[in-house]
Amino acid sequence: MAKKPYYITTAIAYASGKPHIGNTYEIVLADSIARYKRFTGYDVYFQTGTDEHGQKIETKAFESLSTPKEYVDQKAGDIKRIWDLMNTSYDRFIRTTDEDHEAQVKKIFKKLYDQGDIYKGEYEGMYCTPCESFWTSSQLVDGKCPDCGREVKPAKEEAYFFKMSKYAPKLIEYIEKHPEFIQPEARKNEMVNTFLKPGLQDLCVTRTSFKWGIPVDFDPKHVIYVWIDALSNYITGLGYDVDGASGELYKKYWPADLHLIGKDILRFHTIYWPIMLMALDVPLPKQVFGHPWLLQNDGKMSKSKGNVLYADDMVDFFGVDAVRYFLLHEMPFDNDGVVSWELLIERVNSDLANTLGNLVNRTISMINKYHGGVVNNADIKLPVDDDLRQVVLDTPKKVNEKMDQLRVADAITEIFNLFKRCNKYIDETMPWALAKEGDMDDRLCTVLYNLVESITIGATLLQPFMPETAEKIVSQLSTSLRSVTELGTFGLYPSGNKVTEKPEILFARIDTAKMLEEIAVRFPAKVEEKVEEKKKKTEEVSKPAEVLAVEKDEIGIEDFDKLQLQIGEIIACEAVPKSKKLLCSKVKVGDKVLQIVSGIKNFYSAEEMPGKKVVVITNLKPAKLAGIESQGMLLCAEGPDGALALLTAEKDLPSGSMIS
């Protein structure tokens with residue numbers, strides 16, 4: 001029986017510099033999904049690559065005294081090196097300077113022009129070079145680019161435009177009929193309500209102010225702009241041909257099953273790209289998932305802040321699989337994750353060294369100590385064995401359910417719950433006590449066999465996420481990783497097998513202070529301040545911060561009862577233009593949507609708000625803030641340092657739930 005095809009892509013990395021750990025998260029996430037799909041029987045094609053044209057690259061090449069092609073060759077090499085370092089199993093690394101890609105981009109542009117979807121005009125506006133985007137004055141935030149916050153400059157040039165508005169109604173209809181197309185759900189609401197329904201402007205798709213790009217055949221002073229060039233890699237990489245002579249890979253794998261991208265480029269992939277495909281009469285991808293960001297404690301990583309972490313540096317200290325585990329485990333499904341040297345050390349010590357590494361090591365050590373390394377199944381069962389087996393046999397189903405939902409962090413948690421159950425099983429059965437009892441050897445054999453079998457199944461499930469570690473575990477147990485069909489059976493480990501004599505330490509515990517000192521020597525600017533902060537916090541641990549509340553007059557229950565407090569779900573959010581403090585949120589409360597303006601911009605970004613379940617005053621008299629009507633209030637708590645935290649429900653309640 002032929003395997004079902006599955007095509008997964010990442011966004012292609014912009015070849016202007018070395019990717020930081022947040023960029024690297026995406027390729028590791030995609031790799032874990034691709035590996036899991038292969039494991040569960042799919043014929044996977046996994047594509048990644050680099051976006052290599054544009055004004056920013058032309059400028060950087062000039063500054064580095066090299067040609068643009070020399071510059072991107074070096075940067076693409078850096079990106080590919082890191083993707084390979086992280087043990088990612090991509091099938092093609094496409095570059096937008098590849099000849100087959102450039103040839104098809106020219107043909108795509110010509111087809112869209114010939115059928116009237118592209119026309120020549122003139123663009124005038126404020127231009128952001130890093131984002132390669134034009135903006136109107138009303139779209140700017142505090143006079144700067146609304147996407148990256150950098151300076152913009154006035155620009156005017158002749159350009160070709162794509163008729164986006166022509167296809168907008170068709171795209172809205174498609175999204176409504178395919179609710180799974182944009183994930184997570186909150187991102188879909190943002191795209192439809194914030195960008196599509198208010199109306200689309202036609203899109204600038206060529207430039208004349210720089211030369212580093214794919215030229216328009218019939219008007220060579222124009223180069224094809226990033227949208228048509230970069231986005232079309234997803235089909236050109238499979239051998240798509242505008243003239244109908246597409247290759248076998250395209251016929252087999254398109255439409256893509258999953259475009260995995262950062263939430264900041266969701267608009268391009270769920271609006272611009274689908275509309276281009278509609279114009280080309282090409283099927284749309286099945287799903288676009290906008291994953292959250294991996295942030296430093298002090299916000300989004302940027303070189304200007306000096307808070308950038310790189311994968312190869314982290315691998316030097318912790319190893320590939322430890323970094324893979326951290327990236328995949330620490331990123332929530334739809335909220336931003338946090339990365340720091342200290343947090344990574346903590347995860348290595350608690351999860352990898354203690355929960356997993358110690359389990360494997362002491363199991364093998366006990367088998368060697370008590371039975372000369374031989375694992376025998378005497379099958380002397382007790383109720384505690386049945387409970388362990390049930391947990392182990394239920395875990396593959398739970399992992400599969402989470403992976404179907406792209407909840408990778410939750411899937412890993414289920415696997416480590418299995419390992420934790422094994423550790424608990426050791427405490428419950430006390431093999432060291434059984435070994436002292438002369439007539440309990442068969443029971444001891446059963447306990448050790450159950451541990452080896454459970455660990456083997458856990459290692460098999462771990463393989464997509466930590467492939468080297470999974471192989472090391474089963475190698476030490478003198479067995480191999482199971483197939484997906486074998487995970488439904490407990491007891492396949494061959495009785496009589498002999499484990500390794502000297503178990504390898506999978507993950508050694510780290511001395512936090514010593515490791516931070518080593519990191520500080522190598523990266524003094526990044527770590528020195530945090531080491532001092534840690535020392536200060538340690539000294540002040542016995543001095544908890546005090547919150548001095550302003551005392552107010554007592555009220556009766558009838559006064560409190562006047563407030564209507566409900567759970568609301570934020571479905572969209574954007575920064576209020578020209579305001580440093582205000583965010584404007586669309587909040588779904590039951591069957592209605594309220595517009596609420598809140599002074600929380602210093603504590604929450606607009607991007608992280610959608611999806612949050614918050615406490616809302618819904619019967620507050622409407623008021624105008626910065627000229628925008630606010631129809632309620634989001635409740636927050638204020639800490640001793642003035643930081644605000646939104647109030648949320650302890651349990652996942654439906655929007656509209658009353659608070660009383």
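**Q** Help me understand the packing of helix H1 (residues 21-39) against helix H12 (residues 320-330), please; the structure alone is not making it clear to me.
**A** For any two helices packed against each other, the geometry is given by the interaxial angle and the distance between the axes. Running from N to C, H1 and H12 cross one another at 90°; their axes reach a closest spacing of 9 Å. With respect to H12, the axis of H1 lies roughly perpendicular. On H12, the residues that touch Ile21, Tyr25, Val28, Leu29, Asp31, Ser32 and Arg35 of H1 are Val323, Arg324, Leu327 and Leu328. Residues of the contact of H1 with H12, tallied by class, amount to seven nonpolar, one polar and three charged.

**Q** For this particular structure, what's the right way to read the packing of aromatic side chains?
**A** In this description, a pair of aromatic rings is defined by centroid distance and the angle of the planes. Overall, the coordinates contain 28 aromatic pairs when judged by the stated rule. For the pair Tyr123 and Phe161, a centre-to-centre distance of 5.7 Å together with 15° between the ring planes defines the contact as stacked. With Tyr123 in strand S5 (residues 118-128) and Phe161 in strand S7 (residues 153-162), the pair connects residues that are 38 residues apart, well separated along the chain. By the burial criterion, Tyr123 is buried, and Phe161 matches it. Here the aromatic rings of Tyr325 and Phe416 are separated by 5.0 Å at their centres, their planes lie at 45°, and the arrangement is tilted. With a gap of 91 residues between them, Tyr325 in helix H12 and Phe416 in helix H15 (residues 408-429) connect regions that are remote in the sequence. Three or more aromatic residues joined by ring pairs form one cluster here, namely Tyr7, Tyr45, Tyr234, Tyr253, Trp254 and Trp273. Geometry around Tyr42 places Lys37 over its ring, the cationic atom sitting 4.6 Å from the centre.

**Q** Is there a simple way to think about the state of the cysteines in this case?
**A** Covalent bonding between the sulfur atoms of two cysteines defines a disulfide. Using the criterion set out here, one finds zero disulfides in the structure. Between Cys145, a free cysteine, and Cys128, which holds the nearest cysteine sulfur, the sulfur-to-sulfur gap is 3.7 Å. Look at Cys145 and you get buried, because its relative accessible area is 2%. Looking at the unpaired Cys636, the closest cysteine sulfur is the one in Cys573, lying at 12 Å.

**Q** Help me out: how do you make sense of the environment of Val152 in this one?
**A** Following the sequence through the fold, Val152 ends up in the loop between strand S6 (133-135) and S7. Note: C-alpha distance between Val152 and Cys131 (21 residues apart in sequence) is 10.0 Å. Residue contacts for Val152: discarding those within four places in its chain leaves Met126, Tyr127, Cys128, Leu140, Gly143, Lys144 and Cys145.

**Q** Even after reading the chapter, I still don't get the pairing of strand S4 (residues 92-95), so can you show me in this structure?
**A** Successive side chains on a regular strand alternate, one facing one side of the sheet and the next facing the other. Judged by which residues are buried, S4 turns out to be covered on both faces: Arg92 and Ile94 on one side and Phe93 and Arg95 on the other are all buried. Two elements, strand S3 (residues 43-51) and S4, share four bridges in a ladder whose sense is parallel. Each bridged residue has a counterpart across the sheet, and for Gly49 the counterpart in S4 is Ile94.

**Q** Please explain the pairing of strand S20 (residues 613-617) as it appears in this structure.
**A** Across the five residues of S20, four count as buried, placing the element largely inside the fold. Bridge count for strand S17 (residues 565-575) against S20 is five bridges, and the pairing is antiparallel. Within the sheet, the bridge partner assigned to Ile567 lies in S20 and is Val615. Direction of pairing for S20 relative to strand S23 (residues 633-634): antiparallel, over a ladder of two bridges. When the bridges of S23 are listed, Val616 appears paired with Leu634.

**Q** Please explain the side chain of Arg95 as it appears in this structure.
**A** Assignment of secondary structure puts Arg95 in strand S4. Polar side-chain contacts of Arg95 include one of 2.6 Å to the side chain of Glu52. Those residues in contact with Arg95, other than ones at most four positions away along the chain, are Thr50, Glu52, Lys69, Val72, Asp73, Ala76 and His101.

**Q** Whenever I open this one, unusual backbone geometry confuses me. Can you help?
**A** The phi angle of most residues is negative, glycine excepted, and most peptide bonds adopt the trans form. Residue Gln183 is joined to Pro184 through a cis peptide bond whose omega torsion reads -5°. Note on placement: Pro184 falls in the loop between strand S8 (182-183) and helix H6 (185-196). A cis amide bond, omega 5°, links Trp254 with the succeeding residue Pro255. Structurally, Pro255 can be placed in the loop between helix H9 (248-253) and strand S13 (258-262). The residue Asn87 is not glycine, and still its phi comes out positive at about 60°. Looking at the element boundaries, Asn87 is found in the loop between helix H3 (68-85) and S4. Here Asn87 falls in the partly exposed class, since its relative accessible area comes to 23%. Look at Ser478: it is not a glycine, yet its phi comes out positive at around 55°. Judged by relative accessible area, Ser478 falls into the partly exposed class, the value being 33%.

Parameters and conventions
Residues numbered from 1 in each chain as written. Predicted model: local features only at pLDDT ≥ 70, side-chain atom pairs only at ≥ 80, totals over all residues. Heavy atoms only, no water. Axes fitted to C-alpha atoms, helices over the stretch in contact; angles between N-to-C directions. Helix = DSSP H or I, 4+ residues; strand = E, 2+ residues; numbered from the N terminus. Parallel < 35°, antiparallel > 145°, perpendicular 65-115°, else oblique. Contact = heavy atoms within 4.5 Å. Nonpolar A, V, L, I, M, F, W, Y, C, P; charged D, E, K, R; others polar. Phe/Tyr/Trp six-rings, centres within 6.5 Å; stacked < 30°, edge-to-face > 60°. Buried < 20%, exposed > 50% of the residue type's maximum accessible area, 1.4 Å probe, protein only. Lys NZ or Arg CZ within 6 Å of the ring centre and 35° of its normal. Disulfide = S-S within 2.5 Å. Pairing = 2+ DSSP bridges. Polar contact = N/O pair within 3.5 Å; in protein donor to acceptor, adjacent residues only side chain to side chain.

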